[in-house]
Amino acid sequence: MRKFRNFAVAGLAAGALFALTACNSGSPTDPAGGGDAPEQEVAEDVALEGSDTYDRMVENGGPTIGVKEDQPGLGYLDVTTGERSGFDIEIARWIAASLGFEEDDITYEPIASANREQAIMNGDIDYYVGTYSITDQRKEQIDFAGPYFETGQGFLVSADSEMTEVTDVSDFNGMNVCSATGSTPIQNIKENFPEINASEYDIYSQCVEDVLSGKVDAVTTDAAILIGYAAQDPDNLKVLDGLFTEERYGVGIPKGDSALQEHINTLFTDGGDKWQEIFDATLGQSGIEIEQPEVDAAS
Ligand code: GLU
């Protein structure tokens, strides 16, 4: 069982604060997260011995990748242009290119937090890149490559709220807090903070709507996600200072496909400046500063 630690990551907290400062100063922010997407070099003559998932991608003419599409800066679909953008999307594209696939070969499949393990186990998707925390519970059903990012649980409130920071999650006792079904933050609230009135939806953007309408007091999930929503609507939303839990993002892959796992881990480890380029063009646009975590082969 995953143990949630209550700790503050100084660097992250400072980063979140910086992001807010940037927003409040009225600097232009791009809801989709930004700058020019880095060029992806499509690998040639790829051979991935012993990976059933890779064989399936080849058979289908490209990978089917599970993603989020309502998380600005991370996994976002602009419905007017049809363009997908964000840190997770670029990571997903980087992996596809390393396996020899062009952008046009990719099929994106939006999958909510609660349905990720099942989608991977069913073979509906080849891999998943979307704010997916590595946990022991999930590892019973699927495998992860990575981690490729680290963040922690935070809180998003209305910009006119008097709160500025959270010292403990229990600060929200007796209040209404929304999160996504099947996510680690909703699990944390339900298991460890029974005095918080928790509500849940499939996707976080619906929780954000409830904060804007005054139906709930806060949205709780990874700070990286919350910063994206606040950047999109800085007049009405703010992220509180204070981080809880440690969320390490991994790429979800079918259980037992160690060839694919090793391929992605090697890509992350030997990728040179690519991770930084992707970060700078997406999440980094909000002003946060986060370093690439070391790959953990035991993920
Ligand atoms: N990283 C957390 C999780 O994997 C929350 C974000 C999400 O729901 O995707 O549960």
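Okay, so let's go over this structure. (Residues numbered from 1 in each chain as written. Predicted model: local features only at pLDDT ≥ 70, side-chain atom pairs only at ≥ 80, totals over all residues. Heavy atoms only, no water.)

### Things to note about the site of the ligand
Next, step 1: If you check the shell around the ligand, you find 17 residues, and the closest are Ser 113, Thr 131, Ser 133, Tyr 204 and Asp 222.
Next, step 2: Within the side chain of Lys 68, one N or O atom sits 2.7 Å away from an oxygen atom of the ligand.
Next, step 3: Taking Thr 131, its side chain carries an N or O atom lying 2.7 Å from an oxygen atom of the ligand.
Next, step 4: Expressed as a share of its isolated accessible area of 280 Å², the protein-covered part of the ligand is 100%.
Next, step 5: Of all the cavities here, the one that holds the ligand is the largest cavity.
Next, step 6: At the level of elements, helix H6 (184–192), strand E10 (218–222) and strand E12 (244–254) are the ones that each hand at least two residues to the shell around the ligand. (Near = heavy atom within 4 Å. Polar contact = N/O pair within 3.5 Å; in protein donor to acceptor, adjacent residues only side chain to side chain. Areas by Shrake-Rupley, 256 points an atom, 1.4 Å probe, with all protein chains shown as cover. 1 Å grid on protein atoms, 1.4 Å probe; cavity = no way out; pocket = protein on both sides within 12 Å on 5 of 7 lines; lining within 4 Å. Sits in = over half its atoms within 2 Å of the grid points. Helix = DSSP H or I, 4+ residues; strand = E, 2+ residues; numbered from the N terminus.)

### Details of the sheet that holds strand E3 (residues 75–78)
Next, step 1: The strand order E2-E3-E4 describes an open sheet built from three strands, whose pairing is antiparallel. Looking at which strands have only one partner, the edges of the open sheet turn out to be strand E2 (70–71) and strand E4 (83–85).
Next, step 2: In terms of strand pairing, E2 meets E3 through two bridges, oriented antiparallel. Looking across to E3, one finds that Asp 70 is bridged to Tyr 76. (Pairing = 2+ DSSP bridges.)

### Re the packing of aromatic side chains
What characterises a pair of aromatic rings is the spacing of the ring centres plus the angle enclosed by the ring planes.
Next, step 1: Counting across every chain of the model gives 14 aromatic pairs.
Next, step 2: Judged by centre distance (5.2 Å) and plane angle (70 degrees), the ring pair of Tyr 128 and Tyr 132 falls under edge-to-face. Each member of the pair Tyr 128 and Tyr 132 is classed as buried.
Next, step 3: Among the aromatic residues, those joined into a cluster by ring pairs are Phe 87, Trp 94, Tyr 148, Phe 149, Tyr 249, Phe 268, Trp 275 and Phe 279. (Phe/Tyr/Trp six-rings, centres within 6.5 Å; stacked < 30°, edge-to-face > 60°. Buried < 20%, exposed > 50% of the residue type's maximum accessible area, 1.4 Å probe, protein only.)

### Focus on the packing of helix H3 (residues 87–98) against helix H9 (residues 258–269)
Describing two packed helices takes the angle between their axes plus the distance from one axis to the other.
Next, step 1: It is at 11 Å that the axes of H3 and H9 come closest, and there the two elements cross at 110 degrees. In terms of orientation, H3 and H9 fall into the roughly perpendicular class. The handedness of the crossing between H3 and H9 is right-handed. On H9, the residues touching Ile 91, Trp 94, Ile 95 and Ser 98 of H3 are His 263, Ile 264, Leu 267 and Phe 268.
Next, step 2: Residues that form the contact of H3 with H9 fall into these classes: six nonpolar, two polar and no charged. (Axes fitted to C-alpha atoms, helices over the stretch in contact; angles between N-to-C directions. Parallel < 35°, antiparallel > 145°, perpendicular 65-115°, else oblique. Left-handed = near helix turned anticlockwise from the far one by under 90°. Contact = heavy atoms within 4.5 Å. Nonpolar A, V, L, I, M, F, W, Y, C, P; charged D, E, K, R; others polar.)

### Focus: the state of the cysteines
Next, step 1: In the structure shown here, the tally under the stated rule is one disulfide.
Next, step 2: Here Cys 178 engages in a disulfide with Cys 207; their sulfurs sit 2.1 Å apart. Every disulfide takes its handedness from the sign of the S-S torsion; for Cys 178 and Cys 207 that torsion is -65 degrees, giving left-handed. A residue pair is termed long-range when its members are at least 10 positions apart, and Cys 178 in strand E8 (residues 176–180) and Cys 207 in helix H7 (residues 204–213) qualify at 29 residues. Taken individually, Cys 178 and Cys 207 each receive the classification buried, so the pair is uniform in this respect. (Disulfide = S-S within 2.5 Å.)

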